[in-house]
Amino acid sequence: MEHAVAGAGDRRRPPDRSSADLTTPDVYLATAQMRATLRVQQEALHAARESLREAGFVELLPPLIGPVTDPGIRGSKQVDVRYYGHDYRLMTSAILYKQVALHAFPKIFLVAPNVRLEPLDTAYTGRHLAEFVQLDVEFASTRYADALTLLEDLLVDIVEHVKRSCTQELADLGRELRVPQRPFAREIHADVVARLQRIGRSQEGSAEIRWDEEEALSREAGEPFFICEYPKGSRGFYDREDPARPGVLLDFDLVLPGGHGEVASGGEREYEYARLVTRMRETGEDPAKYGWYLDAARRGIRASCGFGLGIERLTRYLVGADAVWKVRAFPKIPGMLLP
Amino acid sequence: MLAPGFPVADVRDRARRGVEAILPRADGCEERAYGHAVFGEIAKTDADCVDGLDRARIVPPVLMPGRLEMLLELSREPAFSDVDLTSTVGGFKCALPVYVSAMGSTSVAQSALGFEMVEQAARAGLPLVLGENVRSMFGYERRAEPGLPSFKDRARAYLGCLEGNTGGLVVQQSTEDANAELWNEVYSDPDFHPLVQRGLLGFELKLGQGAKGATGGMTVIDRETAERVGAAFPMEHLDGMTWLRSSAPGTFTEDILRSQVRLMRNNFPGVRVWVKLPPGRDLRLAGDAAWGAGADAVVVDGACGGTGLTATVLLQHLGLPLDECLRRLEGHAGELLVSGRMWEGSRVVKALALGAGGVGLGRAAIVAAAEDAELGLVRLIEALAMEMRLLISACGKYRPDQLGRDDVWFGG
């Protein structure tokens, strides 16, 4: 069988495996462009932490491994780890831990590294890495609209801070960054699908918005916008199904303008034991392996909302790059063996 | 190779002699008897078969407008060899509307399944379903047992012999495989990426199977294997050296099924979605849910189906026979594939006439490959294709999808 990485032929296309671009981090890390990008990334993280702390959030250290992790990861594989004779997984996201962590504080966040062995197609989207970092936020609430407002404020705080603190870097990178206007538009998934279908795009109503369609929507947009209320069957079991509207999830994506696409996903969470078990089966999961989490749910976990915001995707937007692998040190492009 | 209750001798005969074996022989004659003896109806030797499909007859009309159409097209009287069997089964092009069903991890199936059967299936242009629990029992890439090929060994053997764009690899996922994320592993594996791009990969969600209903798979394993896989499966100690390994069947409701199919479509763009149902009384409801959610094919395994081990009481008393399954699915909207006791032309043609778009071979494929590792399955398929052409043309039809319910008579 061939190990083909056939390319899309655009600028986001990863360099050839044999290319020195990514296999020699000592070279690319020393470029002015990379230095400026990493400074912007540092300031973005600083601003995010400040913004969340001011809003009453407490930062926790992220778990790296566990007996289970987030299964709601479109077509990608978790990484197995042998842990004292047992099968553990590297975190694909800390969603389960975030929910339970609300027992400590009602508002928490993590800066969490995740690993997902993404399908090879994602090497060309410009926004997938096999190893990435999320700003993982969770708070006690029963309205996902609260998360939308928080996310709007967070993004605006980050952009304002980066504009203030990275004037030279943005100028060096040729990036004219504009502070987004609040409130961001809130579109319903079903309406977005209908709009895409009207213009002849092959978007299924029961699925996530396809990457190329989402990019097209993002290119048309002048401001960030939310796509809300995805259909059941397109997300993980933890996104809460609206009790009043079966089949509709109380969740959302934040899509950035300029072709940068989705930067954050979130929603209200399922937290009641019976609903969690049923939703697990709907996503093909065996509840047996979620023992510790379901035990916690039996004892009671809080109703909550939250989201994960991709740091590399955010950085890509802030500096105006066309691919996430250009904005982090030691990127792991899906399918490529890189340091 | 033993397969109690299955016409093993007939399958082995075809595996040895191919098309030659579809012609009857008189008792005691070693040579072909056709033309040298008179034959009436060949008595059924297998009284155990519970379903009415074998008892039904294919009854062609006398007047055949379809044959006239073919006559006009060919400018000569059509022959059985004019029947075009090429079909699309569950989204895959094939030489005839036949695929090879998933085999259990039972050792009798694995002995023949290893390489020989999958290679022959590829050479015959048939889609192959790979499962159940092969990954859990034999390893994904590295072999869990040195003598037995891993999941990927089998996939490689099949794909290595595939010619052109016929055939397709369908990966079945059971509850244990879901824990191991088999679909995610395959979908993100660079070696399978070209298959996705060529449209030759499918995933089969298994809700149950013929002989076992929705009770989950079982197999008898030795102590060493029990120690290796023990954590992943419920295990029952039978005697000093053997254990009974069972699989959890998984819980399904209409909503759970619909959501799982949607999730498969959402998570695996470019992959065909098959859903395998046991012969349950509500299979119409389940089938409609699967099709409605976007399954490319629904597979129904009649009560006669099954290759692996299960309790005798289940084999004898569980599930609907295939003819009743087909009756309950009459007028269904999506593509239907059926399996269970398939090995020769009449049962296949009856199933197609009653609404199936393709049929799966299970035990027959194992027995044939075990009989002749090089050509047993290929010859069995040649014989099957010849019989199908004879029967379909006898009905005045020249493509499998022209068959209809009128072509089958159940008597009384």
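Residues numbered from 1 in each chain as written. Chains lettered and ligands numbered in written order. Predicted model: local features only at pLDDT ≥ 70, side-chain atom pairs only at ≥ 80, totals over all residues. Heavy atoms only, no water.

## A short note on the overall build of chain A
Item 1. Helix and strand content of chain A: eleven helices and eleven strands.
Item 2. For 339 residues, the compact-globule formula gives about 20 Å, and the C-alpha radius of gyration of chain A, at 20 Å, lands near that figure.
Item 3. When the backbone C-alpha atoms are referred to their principal axes, chain A occupies close to 55 × 50 × 45 Å.
Item 4. By residue count, 57% of the 339 residues in chain A fall in the buried class.
Item 5. Taken as a whole, chain A presents about 13800 Å² of accessible surface, with 52% of it coming from carbon and sulfur.
Item 6. With 45 positive and 51 negative side-chain charges, chain A shows a spacing of 1 Å between the two charge centroids. (Helix = DSSP H or I, 4+ residues; strand = E, 2+ residues; numbered from the N terminus. Rg over C-alpha atoms; globule rule 2.2 N^0.38 Å. Buried < 20%, exposed > 50% of the residue type's maximum accessible area, 1.4 Å probe, protein only. Areas by Shrake-Rupley, 256 points an atom, 1.4 Å probe, with all protein chains shown as cover. Lys, Arg positive; Asp, Glu negative; His and termini not counted. Charge placed at Lys NZ, Arg CZ, Asp CG, Glu CD.)

## Details of the pattern of salt bridges
Where side chains of opposite charge bring their charged atoms close, a pairing between them can arise.
Item 1. One pass over the structure, following the stated rule, counts 68 salt bridges over all chains.
Item 2. We note a salt bridge from Lys77 of chain A to Glu181 of chain B, for which the minimum N-O separation is 3.0 Å. Of this pair, Lys77 of chain A sits in the loop between strand S2 (65–66) and strand S3 (80–83) while Glu181 of chain B sits in the loop between helix H6 (175–179) and helix H7 (182–187), each in a different chain.
Item 3. Looking at Lys77 of chain A, the relative accessible area reads 4%, which means it is buried.
Item 4. Residue Arg245 of chain A is joined to Asp242 of chain A by a salt bridge in which the shortest nitrogen-to-oxygen separation is 2.7 Å.
Item 5. For Arg245 of chain A, a relative accessible area of 35% puts it in the partly exposed group.
Item 6. With a relative accessible area of 12%, Asp242 of chain A lands in the buried category. (Salt bridge = Lys/Arg side-chain N within 4 Å of Asp/Glu carboxyl O.)

## A closer look at helix H3 (residues 32–54) of chain A
Residue and element names in this part refer to chain A.
Item 1. Compared with the 33 Å implied by 1.5 Å per residue over 23 residues, the 33 Å span of H3 between its first and last C-alpha is a close match.
Item 2. Of all the positions in H3, only Met34, Ala36, Thr37, Val40, Gln41, Glu43, Ala44, Leu45, Ala47, Ala48, Ser51 and Leu52 are classed as buried.
Item 3. Of the surrounding elements, those touching the buried residues of H3 are helix H2 (25–28), strand S5 (107–115), strand S6 (131–140), helix H5 (144–165), helix H6 (167–173) and helix H11 (311–319). (Expected span 1.5 Å × (residues − 1). Contact = heavy atoms within 4.5 Å.)

## Observations regarding the interface of chain B and chain A
Item 1. Facing the 30 residues of chain B at the interface are 32 residues of chain A.
Item 2. Around 2900 Å² of area is buried between chain B and chain A when both sides are counted, 51% of it from carbon and sulfur atoms.
Item 3. Looking at the side of chain B facing chain A, the largest losses of area belong to Asn179, Glu181 and Asn266 of chain B, adding up to 20% of the total buried there.
Item 4. Summed over the shared surface of chain B and chain A, the number is four salt bridges.
Item 5. Among the salt bridges present, the one from Asp255 of chain B reaches Lys232 of chain A, with a minimum N-O distance of 2.8 Å.
Item 6. Seen at the junction of chain B and chain A, the total is 13 residue pairs in polar contact (both at pLDDT 80 or more).
Item 7. At the level of elements, helix H5 (151–161), H6, H7, helix H8 (193–197) and helix H10 (254–267) of chain B are the ones that each hand at least two residues to the side of chain B that touches chain A.
Item 8. Here the element with the most residues in the side of chain B that touches chain A is H10 of chain B; it accounts for nine residues.
Item 9. Its residues assigned to classes, the side of chain B that touches chain A comprises ten nonpolar, twelve polar and eight charged. (Buried area = accessible area lost by both parts, 1.4 Å probe. Polar contact = N/O pair within 3.5 Å; in protein donor to acceptor, adjacent residues only side chain to side chain. Nonpolar A, V, L, I, M, F, W, Y, C, P; charged D, E, K, R; others polar.)

## Side note on the nonpolar core
Item 1. Judged by nonpolar contacts, the single largest core of 103 residues is most densely connected at Leu169, Phe203, Val338 and Leu377 of chain B.
Item 2. For this core, the element with the highest residue contribution is helix H16 (residues 376–394) of chain B, accounting for seven residues.
Item 3. Grouped together as the second largest cluster of nonpolar side chains are 48 residues, Val40, Phe57, Leu177 and Ala264 of chain A included. (Core = buried A, V, L, I, M, F, W, Y, C linked by side-chain atoms within 4.5 Å.)

## So, the confidence of the model for chain B
Low pLDDT means the predicted coordinates in that region are not meant to be read closely.
All names here are of chain B.
Item 1. Confidence in the prediction for chain B averages 84 pLDDT; 84% of positions are at 70 or higher.
Item 2. When the criterion is pLDDT under 50, residues 31–47 qualifies, and its contacts beyond four places in sequence or with other chains add up to 19 contacts.
Item 3. Scoring the predicted complex yields pTM 0.86 and, for the interface, ipTM 0.83. (pLDDT = per-residue confidence, 0-100.)

## Considering unusual backbone geometry
Item 1. The omega torsion across Arg182 of chain A and Pro183 of chain A is -10°, close enough to zero to call that bond cis.
Item 2. Relative to the helices and strands, Pro183 of chain A resides in the loop between H6 and strand S7 (185–188).
Item 3. In the Ramachandran plot, Ser75 of chain B falls in the positive-phi region, its phi being about 60° despite a non-glycine side chain.
Item 4. When you line up the elements, Ser75 of chain B lands in the loop between helix H2 (65–74) and strand S2 (87–89).

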